[in-house]
Amino acid sequence: MKFQAYEGPEEGSLAIRFLCPTCGKSTALLTNSFETQLVTSLGVKIGGRTVPPEPMEQTRSSLESEGGKCPFANMLAEDQAQAKENNAVSWTPEAETRLERVPGFVRPMAKKAIEKYAEQKGAQEITESLLAEAREKIGM
Amino acid sequence: MKKYKDIVGDGGSNILAQVKDQQRRLRERMARIRHKIAVVSGKGGVGKSAVSANLACFLAKRGYRVGLLDADLNGPSIARMLGVDHQRLAIEPDGVRPVTGPLGVQVISMGMLLDENAPTRWKSLVQDESFVWRGALEAGTLREFLSDVAWGDLDFLLLDLAPGTDRISTVAQLLPGVNLVVLTLPSGVSQMVVKKSLALAKEDHLSVLGLVENMTGLFPGEASGAELAQAFGVPFLGAIPYDPALAALTDQGQPLALSSIESPSRRALESVTDALMEVLSETALR
């Protein structure tokens, strides 16, 4: 399946469409904001825990900070921290600037896909040209 | 590819185990605290925070290790009353380190997490319906204030609760066996609401250590706190006279226990502390 398009978020829900390159059928992933919020309000981690919770994790992540924040921002920060920890492929500043233009809520997914593409190509660094190549090949 | 029905249980989130782990952490943290006491009323504006702050300090002055949890998440004031409102919390491996206030009282308050003048606002994926989740998020924060704060070994943990009888139920569910100190003003309206709290405590078999009357002398034709306590069969811990000097000191972040001022309100607070200790010693003997 290839990422094709996204719509939203609208009223807290996001639709992401994927396309099967063989049969041409589309599949949509729809997030249900009510279910997500209900479970999150229990102070649990969706998808299960691999590490113990941080002190006052729920309070710190639930309190609205000045100016507001994208609800996916924490996920992005976690992903970036994890990538650093794993010594993943590096990004040139120019490539990072281009990545910043991708909407925040799909950016982690796009970043992972590009890094995977770079790994498969054996590249140690993601440059602007590699980014353009990846976009063309994986359809972003 | 997995289909919806191939996903067993909750898809790997293991929510039940996570909730049980929250409860285990709460139990373990609270096991190191001898007396957990919630200062409640049901009615707002009766002086719960000022009495909690001063009671905590008078207990600490007697050599007890005391913690004070400001459970009024939307109107936190304890940090200001104890003069620690500019201190920030630190996160350590064992949990969040509370701020050390006057006489070594360990303090935590939502005020320490917010910028000055910033209201308590919760993130919600569906902002229009955020009122639906607010109760759950507030209960979650209260749970974390109890379980994720490195309180250490304490003789007393006082909880200054927000108005509303529902808050009593929340704290009783989070902290089974919590003791209540109920506060009222000597006014008919205050007592009308406080009666609901006392009735709730009775129906739910909660332990009420006693009733305190605050701001005695402020209202003409006062309703008696002692009579209210008698009607509900709970100890009357004492009456604290209305004292503008106490209000002024509280505004300046100075607990009475630290000052050398001799006043009727100071004597009353000391007397309430004595009565509380007496009730606790009687409870221990039962």
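Residues numbered from 1 in each chain as written. Chains lettered and ligands numbered in written order. Predicted model: local features only at pLDDT ≥ 70, side-chain atom pairs only at ≥ 80, totals over all residues. Heavy atoms only, no water.

Once that is clear, we can look at the overall build of chain A. Of regular secondary structure, chain A possesses 6 helices and 5 strands. Reading the secondary structure of chain A in the N-to-C direction produces β-β-β-α-α-α-β-α-α-β-α. Taken across its 140 residues, chain A has 29% of its residues classed as buried. Considering only residue pairs separated by 6 or more positions, chain A has 40% of its internal contacts joining residues 24 or more positions apart. When the accessible surface of chain A is split by element, carbon and sulfur atoms take 53% of a total near 9,000 Å². (Helix = DSSP H or I, 4+ residues; strand = E, 2+ residues; numbered from the N terminus. Buried < 20%, exposed > 50% of the residue type's maximum accessible area, 1.4 Å probe, protein only. Contact = heavy atoms within 4.5 Å. Areas by Shrake-Rupley, 256 points an atom, 1.4 Å probe, with all protein chains shown as cover.)

All right, on to the packing of helix H6 (residues 188-203) of chain B against helix H7 (residues 225-232) of chain B then. All names here are of chain B. Interaxial distance between H6 and H7 falls to 11 Å at its minimum, and their mutual angle equals 30°. When the axes of H6 and H7 are compared, the pair comes out roughly parallel. Classified by chirality, the crossing of H7 by H6 is right-handed. Contact residues: Gln191, Val194, Lys195, Leu198 and Ala199 in H6; Gly225, Leu228 and Phe232 in H7. (Axes fitted to C-alpha atoms, helices over the stretch in contact; angles between N-to-C directions. Parallel < 35°, antiparallel > 145°, perpendicular 65-115°, else oblique. Left-handed = near helix turned anticlockwise from the far one by under 90°.)

Residues and elements named next belong to chain B. Going through the model one piece at a time under the given rule, you end up with 18 salt bridges over all chains. Taking the shortest distance from any N to any O, the salt bridge between Glu262 and Arg266 comes out at 3.8 Å. A salt bridge links Arg266 to Glu270; its shortest N-O distance comes to 3.7 Å. Taken together, the residues Arg266 and Glu270, both in helix H9 (residues 264-285) and 4 residues apart, mark about one turn of the helix. Residue Glu270 is classed as partly exposed on the basis of its relative accessible area, which comes to 29%. (Salt bridge = Lys/Arg side-chain N within 4 Å of Asp/Glu carboxyl O.)

All names here are of chain B. Within strand S1 (residues 33-40), 7 of the 8 residues are buried, leaving the element largely enclosed by the surrounding structure. Pairing of S1 with strand S7 (residues 154-161), which is carried by 6 bridges, proceeds in the parallel orientation. Pairing of Ala38 across the sheet is with Leu159, part of S7. Bridge count for S1 against strand S8 (residues 179-184) is 4 bridges, and the pairing is parallel. Looking at the pairing, Ala38 lines up with Leu180 of S8. (Pairing = 2+ DSSP bridges.)

Before going further, it helps to spend a moment on the interface of chain B and chain A. Contact with chain B, which involves 36 residues of that partner, is made by 32 residues of chain A. Taking both sides of the interface into account, the surface hidden between chain B and chain A amounts to around 2,800 Å²; carbon and sulfur atoms contribute 63%. Connecting chain B to chain A are 0 salt bridges. Seen at the junction of chain B and chain A, the total is 10 residue pairs in polar contact (both at pLDDT 80 or more). Residue assignment for the side of chain B that touches chain A shows that the elements contributing at least two residues are helix H1 (15-30), strand S3 (90-92), strand S4 (95-97) and helix H4 (130-147) of chain B. (Buried area = accessible area lost by both parts, 1.4 Å probe. Polar contact = N/O pair within 3.5 Å; in protein donor to acceptor, adjacent residues only side chain to side chain.)

One pass over the structure, following the stated rule, counts 2 aromatic pairs over all chains. Where Phe3 of chain A meets Phe18 of chain A, the ring centres are 6.4 Å apart and the plane angle is 75°; that geometry is what we call edge-to-face. On the criterion of sequence distance, the pair formed by Phe3 of chain A in strand S1 (residues 2-10) and Phe18 of chain A in strand S2 (residues 13-19) is long-range, its members being 15 residues apart. On the numbers, 5.3 Å between centres and 85° between planes, the contact of Tyr64 of chain B with Phe156 of chain B is edge-to-face. In this pair, Tyr64 of chain B is assigned in the loop between helix H2 (48-61) and strand S2 (66-71) and Phe156 of chain B in strand S7, connecting sequence segments 92 residues apart. The exposure class assigned to Tyr64 of chain B is partly exposed, which follows from its relative accessible area of 28%. (Phe/Tyr/Trp six-rings, centres within 6.5 Å; stacked < 30°, edge-to-face > 60°.)

So, about the sheet that holds S8 of chain B. All names here are of chain B. Across the sheet, which stays open at both edges, the 8 strands sit in the order S5-S6-S2-S7-S1-S8-S9-S10 with mixed pairing between neighbours. Each having just a single partner strand, strand S5 (99-100) and strand S10 (236-241) make up the two edges of the open sheet. Against the sheet, H7 touches S8, strand S9 (207-216) and S10, its axis set at about 165° to S9.

We now examine helix H8 (residues 244-251) of chain B. Residue and element names in this part refer to chain B. The set of residues buried in H8 consists of Leu246, Leu249 and Thr250. For H8, the angular spread of the buried residues around the axis is 100°, confining them to a single face. Seen from the buried face of H8, the exposed residues on the opposite side, beyond 90 degrees, are Pro244 and Asp251. The backbone nitrogen of Ala245 has a side-chain oxygen 2.9 Å away, supplied by the residue at the start of H8, namely Asp243. Gly253 lies just past H8 and shows a positive phi near 75°. (Arc of directions from axis to C-beta.)

Our next topic: the pairing of S2 of chain A. Residues and elements named next belong to chain A. Across 5 bridges, the pairing between S2 and strand S3 (residues 26-30) is antiparallel. The partner of Leu19 across the bridge, within S3, is Ser26. Counting the residues between successive antiparallel strands, the hairpin from S2 to S3 contains 6 residues, one of them, Gly24, with a positive phi of roughly 80°.

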